[in-house]
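The lines below spell out each chain.
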Amino acid sequence: MRGLMQHGALTVDKILDHAARWHGGREVVTRSIEGPIVRTTYGQVHDRAKRLSNALLGLGVAPGDRVATLAWNSGRHMEAWYGIMGLGAVCHTLNPRLFPEQIAWIAADAGDRVLFVDLTFLPIVAAILPRVPSLEYVVVMTDPDHMPAFAPAGDAPHFKGLLCFETLVEEHSADASWGGFDEETACGLCYTSGTTGDPKGVLYSHRSNFLHTLITLQPDVMGLSQRDVILPVVPMFHANAWGVAFSAPATGAKMVMPGAKMDGASIHELLETEGVTFSAAVPTVWQMLLQHLQATNGQLTTLKKVVIGGAACPEMIIRAFHDDYGVEVVHAWGMTETSPVGTLSTMTEELAQLPYDQQMPYRLKQGRPPLGVELKLTDDEGARLPSDGTSFGHLKIRGSIIARAYFKGAGGEILDDEGFFDTGDVATIDARGFMQITDRAKDVIKSGGEWISTIEIETIAVCHPKAAMTAVIGVAHPKWDERPLLLVKLKPGETASPAEFLDFLAGKIAKWWTPDDVVFVDDIPLGATGKIDKKLIRQRMKDYVLPAVAATAS
Ligand code: ADP
């Protein structure tokens, strides 16, 4: 027997409809690319997004067509998203931090027909246009006064024209109908950065994004409220800004969009002038903010909570926010394939009773999954491993916000017999259910058959007062196969000896995890999603030999 409740397709256009109807006056504030702070409301965003839908229809965009964006977080970017998705077209967020060749490859693979672009990124578009044969129109996200001169860097017979965002908004009516299609309809496309092999597209559905929104709104997840003022530093082009472009309008929270400026001073100014209560970003952004606050004796008078993820969060960040500024840090884990929120280190009732210091080991872990997300750990053969906090295994994940295949079948079958997706991460899960990422599977160090967590060593080492950044890689060892090597980029003007870092690690990690050497470097490279690029580090260090090994060889 079937239930007798209404169906109501879970499509994301309903999120902005709701925001406009019930929170229509709530603000969306942007530090614009042109310079000034621009203030709009959910009511206006809704109206202008509908006008863009009509503009896209006028350009011949049909349901299922891919329309790309190459843009910072802004009110206009929100309008483009909803204008595209409301029609049943697919909003493809391109990551401007990738190399132009990669962007061209991705846009061509996706078959993007129209591209919305910020002024900042127009040179990239000129460079890639000849190599994206599907691309017909480029919409510059600005007003007529700021429209630039533009020419593709080569033959692009498919290119039909450069259009102005504000002119399109002005010239079209807001009378567009949204939704009315199946909730499984594709609505967003985002490629993983492809550190191994070609990038692969994750194709979100309206339903998966709608469910992800409901999941993230839970108090133990992001716990957003209409009374919040939210500043997503995490970009809309990287894993959907962790869903904030949906969850903020869903609750009617005010949004504050940082545009192109993500340095400590610019973020601090917006946090204070707009009364921000909640923010989300990767650890490096918060490190820059904390350095700025310390240098200027700045305060955080309204901020209550920050979600930190995308890379492991070092203890010093959690402590600085808590001890010096009274801000709660929630450490989170996820990936493009998981929409992206997968786990959060929210304290349980039992842990919340403990003194803060005793909570810290759990706050440093990536935490527990919300309803709708299932996790398991397996060995190399796929057999389940126990949740004992020490067994390292492959982290696998299942649920209706998790990818079941990549766009156009890239990579083939990606689920195991039980329908779980292999995240490519290695983790432990403890008796309280707290998951801890120990490594990407390809970065883990196998020393004498046992696994060493590079992430754990580097997040401890980076708390050394002289360290700006740290990375650990495995290097060849004749007896143990691999041993850890610690690379340190010091803060400007600092000098240090390897022993200072080894002493700092002593007692904080197992003795046999102690790096065999410490090398000071000028640069620790980051990839396009802000993570340490270990592939490049390994390349740079390919001729390095451990001192002890060199000594025995000579
Ligand atoms: P890409 O793989 O394209 O860089 P993602 O942003 O999807 O992009 O990367 C997801 C990966 O980032 C995860 O699989 C994991 O390795 C890493 N990651 C995300 N959050 C954390 C975290 N809190 N701690 C450690 N690693 C993390």
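Residues numbered from 1 in each chain as written. Predicted model: local features only at pLDDT ≥ 70, side-chain atom pairs only at ≥ 80, totals over all residues. Heavy atoms only, no water.

Describing the site of the ligand
- As a matter of local geometry, the ligand sits amid 17 residues, with His238, Ala332, Thr336, Asp425 and Arg440 nearest to it.
- For the ligand, a nitrogen atom lies 3.4 Å from a polar atom in the backbone of Ala311.
- Within the side chain of His331, an N or O atom sits 3.0 Å from a nitrogen atom of the ligand.
- Starting from 570 Å² of accessible surface for the ligand in isolation, the protein chains cover 94%.
- Examining the composition of the shell around the ligand, we find that 4 residues originate from one element, strand β14 (residues 328-334), more than from any other.
- In terms of residue class, the shell around the ligand is made up of 5 nonpolar, 9 polar and 3 charged. (Near = heavy atom within 4 Å. Polar contact = N/O pair within 3.5 Å; in protein donor to acceptor, adjacent residues only side chain to side chain. Areas by Shrake-Rupley, 256 points an atom, 1.4 Å probe, with all protein chains shown as cover. Helix = DSSP H or I, 4+ residues; strand = E, 2+ residues; numbered from the N terminus. Nonpolar A, V, L, I, M, F, W, Y, C, P; charged D, E, K, R; others polar.)

Here we look at the domain arrangement of the chain
- Its domain assignment divides the chain into domain 1 (8-207) and domain 2 (451-553).
- The gap between the C-alpha centroids of domain 1 and domain 2 is 41 Å. (Domains from an automatic or database assignment.)

A short note on the side chain of Glu274
- In this structure, Glu274 sits in the loop between α9 (264-273) and β12 (278-281).
- Of the residues examined, Glu274 reaches a relative accessible area of 8% and is grouped as buried.
- Within the local environment of Glu274, its side chain forms a polar contact with the side chain of Arg39, the two groups lying 2.7 Å apart.
- Sequence-distant contacts of Glu274, defined by excluding residues within four places in its chain, comprise Val29, Ile37, Arg39, Val229, Lys254 and Val256. (Buried < 20%, exposed > 50% of the residue type's maximum accessible area, 1.4 Å probe, protein only. Contact = heavy atoms within 4.5 Å.)

Details of the packing of helix α1 (residues 13-22) against helix α8 (residues 244-251)
- Following both chains from N to C, one finds α1 and α8 inclined at 35 degrees, their axes separated by 7 Å at the closest point. With respect to the hand of their crossing, α1 and α8 are arranged in left-handed fashion. Facing Ile15, Leu16, His18 and Ala19 of α1, the residues of α8 in contact are Phe246, Pro249 and Ala250.
- In terms of residue class, the contact of α1 with α8 is built from 6 nonpolar, 1 polar and no charged. (Axes fitted to C-alpha atoms, helices over the stretch in contact; angles between N-to-C directions. Left-handed = near helix turned anticlockwise from the far one by under 90°.)

Concerning helix α11 (residues 315-325)
- When α11 is considered as a whole, its buried residues turn out to be Ile317, Ile318, Ala320, Phe321 and Tyr325. Around the axis of α11, the buried residues are gathered within 165 degrees of arc, so they sit on the same side.
- Residues of α11 that are buried make contact with α10 (283-296), β13 (305-308), β14 and α13 (356-363). (Arc of directions from axis to C-beta.)

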